[in-house]
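Below are the chains, spelled out letter by letter.
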Amino acid sequence: MVTETRTFVAGTNDQPGARARAWVSALRDRDGEPVGAVGGLEGTDPTAARDVLEEAVAWLAERGRRRVWAPMNGDIWHGYRATTRGFDLEPYFGEPRTPPAHAEWLEAAGFAVRQRWHTFELEGRRPLDEIAALHANARHDLGALGYRVEPLEALPFDAIATRLHRLLDRSFDGFLGYTPLPAEEFRAVLGPAGPALERRASVFVESPSGEDAGFAFAFDDIGRAARPPRSLLHLGGLVPEARGKGLARGVLSDVVTRLGALDRPCVLVTLVAEGSNMRKLFGRFAEDRRREYALFERRA
C-alpha cells in the first residue's frame, strides 16, 4: 500500500530535462528493512536526471527510507527493472523495456545493481524436447509424491485469478520486493494479461490434500505482429512445503512438453533471476544473456 508519493522535475530555462517519482509504501527488503522506490524516470538531460534522482533519494531518506530501489513504480506490480542488454532485440509482451540511458543515469547517481534477470530464448522444438527429457523422471514422480498438475483449459479467468491471488503470498515467499495486493487491485493488474494467457500450457500444481501448491503460466506474445506468436513462459513458484522434492523439475518438464505440442517458433523464458535455483533447471540454455534487466539500489 502506497502511503505517500511525490514527483520531481528538473531542467533549465523552464524546460523540464527530466522527471522522476518517489514512493513510500510497504516495500521491504528480505531483511525487513523498509525500502523506498523511485520510478517514472524520463527525460533527455543527464544532469537533470541526476538532479531528480538525488532529490527523490533525499526525500525518501527524510521519511525513513534510506535504502532505495529503482526503477520501480511503487512496487513490483506496477512496473520495475531497467533493461541493461538486448536493446536491439524485438520487445515482447510484458517486457520491462527502458531506454539505454536509464541504467546509465542511475549509475551516475550512485545506484548499483541489486539483482539481475535474464530472458532466454528457446528456438524451435529441439530445446523444449531436451529440457523435457532432462526432467522426465521428475515429471513421472509427481504422481508418486501425491501432486497433480492441472492445466487451465477448463477454468474461467475469474477462477484462475482468484486461485492465483490466494496462492501468491506463499509461493512468492522470499521473492525480492514482493508485497501482497488486495484482491480487486490484483485483478486489475492481472486483467490485461488475460487475453494472452495460453491455458493449454499453463498449470496449477495441487498438493496431496487438494490445495494449490504452485503454478507455472505461459502467455502468447500478443504484441507481436508475426504469426504464429512466440510463447512466453513465466516460471511461477511453489509453496514452501512443496519445495525440495523435485516438483519444480517435474512441473517444468510437463509445461515445456505442453509448449512443444503447440509448435511455436520460439519460447521466451522470461525474467529468470541470476543465481536462482530455477535457472539451473534449463542447463545450457540459461547461458543466454542477450536480454538482461536489473533493479538498482542506493543507500542514502
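Because the structure is a prediction, the values reported are computed rather than measured.

Engineer: Could you give an account of the overall build of the chain, with specific residues and numbers?
Structural biologist: In terms of regular secondary structure, the chain is built from 8 helices and 12 strands. Taking 300 residues into account, the globule formula puts the C-alpha radius of gyration at 19 Å, and the chain, at 20 Å, falls close to it. Per-residue burial over the chain gives 51% buried out of 300 residues. Restricting the contact set of the chain to residue pairs at least 6 apart, pairs at least 24 apart contribute 73%. Positive and negative side-chain charges in the chain, numbering 41 and 43 respectively, have mean positions lying 3 Å apart.

Engineer: Which residues make up the packing of helix 1 (residues 46-62) against helix 2 (residues 100-108), and what values do they have?
Structural biologist: Here helix 1 crosses helix 2 at 55°, and the two axes come no closer than 9 Å. Viewed along their axes, helix 1 and helix 2 adopt a mutual orientation that is oblique. Regarding helix 1 and helix 2, the two cross each other, and that crossing is right-handed. Residues Pro46, Ala49, Arg50 and Leu53 of helix 1 form the contact with helix 2, whose participating residues are Trp105, Leu106 and Ala108.

Engineer: Go over the side chain of Ser207 with me, naming the residues and quoting the values.
Structural biologist: Counting through the fold element by element, Ser207 comes out in the loop between strand 8 (203-206) and strand 9 (212-220). In this structure the side chain of Ser207 is engaged in a polar contact, spanning 2.9 Å, whose partner is the side chain of Ser209. Excluding anything up to four places from it in sequence, Ser207 contacts Gly146, Tyr147 and Ala213.

Engineer: Please set out the environment of Ala133 residue by residue, giving values where relevant.
Structural biologist: Considering the arrangement of structural elements, one finds Ala133 in helix 3 (residues 126-134). Residue classification places Ala133 among the exposed residues on the basis of a relative accessible area of 54%.

Engineer: I'd love a proper account of the packing of aromatic side chains, names of residues and values included.
Structural biologist: Applying the stated criterion across every chain yields a total of 10 aromatic pairs. When the centroid spacing of 4.9 Å and the interplanar angle of 15° are considered together, the rings of Phe172 and Phe175 count as stacked. Exposure remark for Phe172: the relative accessible area of 15% places this residue in the buried category. Among the residues examined, Phe175 registers a relative accessible area of 32% and is labelled partly exposed. Both rings, one in Phe172 and one in Tyr178, keep their centres 5.8 Å apart while their planes meet at 80°; by these two values the pair is edge-to-face. These aromatic residues form a ring-pair network of at least three members: Trp77, Phe172, Phe175, Tyr178, Phe186, Phe204, Phe215 and Phe217.

Engineer: Residue-level account of the pairing of strand 11 (residues 266-273), with values.
Structural biologist: Among the 8 residues in strand 11, 8 count as buried, and that is most of the element. Two strands pair when backbone bridges link them, and strand 6 (residues 112-123) and strand 11 are joined in this way by 6 bridges, in the antiparallel orientation. Its bridge partner lying in strand 11, Leu122 is registered against Val267. As defined by bridge partners, strand 10 (residues 231-238) adjoins strand 11 across 3 bridges and the pair is classed as parallel. Note that in strand 11 the partner of Leu232 across the bridge is Leu268. Chirality of the crossover, the property in question, places the unit of strand 10, helix 7 (residues 247-261) and strand 11 among those that are right-handed.

Engineer: Pulling in residues and values, what's your account of the packing of helix 3 against helix 7?
Structural biologist: Look at helix 3 against helix 7: their axes get within 8 Å of each other, and the N-to-C directions meet at 155°. As the angle between them shows, helix 3 and helix 7 are arranged roughly antiparallel. The way helix 3 lies across helix 7 gives a crossing that is left-handed. From helix 3, Leu128, Ile131 and Ala132 reach across to helix 7, where they touch Leu252, Ser253, Val256, Thr257, Leu259 and Gly260.

Rules of the game
- Residues numbered from 1 in each chain as written.
- Predicted model: local features only at pLDDT ≥ 70, side-chain atom pairs only at ≥ 80, totals over all residues.
- Heavy atoms only, no water.
- Helix = DSSP H or I, 4+ residues; strand = E, 2+ residues; numbered from the N terminus.
- Rg over C-alpha atoms; globule rule 2.2 N^0.38 Å.
- Buried < 20%, exposed > 50% of the residue type's maximum accessible area, 1.4 Å probe, protein only.
- Contact = heavy atoms within 4.5 Å.
- Lys, Arg positive; Asp, Glu negative; His and termini not counted.
- Charge placed at Lys NZ, Arg CZ, Asp CG, Glu CD.
- Axes fitted to C-alpha atoms, helices over the stretch in contact; angles between N-to-C directions.
- Parallel < 35°, antiparallel > 145°, perpendicular 65-115°, else oblique.
- Left-handed = near helix turned anticlockwise from the far one by under 90°.
- Polar contact = N/O pair within 3.5 Å; in protein donor to acceptor, adjacent residues only side chain to side chain.
- Phe/Tyr/Trp six-rings, centres within 6.5 Å; stacked < 30°, edge-to-face > 60°.
- Pairing = 2+ DSSP bridges.
- Right-handed = clockwise from strand over helix to strand, strands pointing away.

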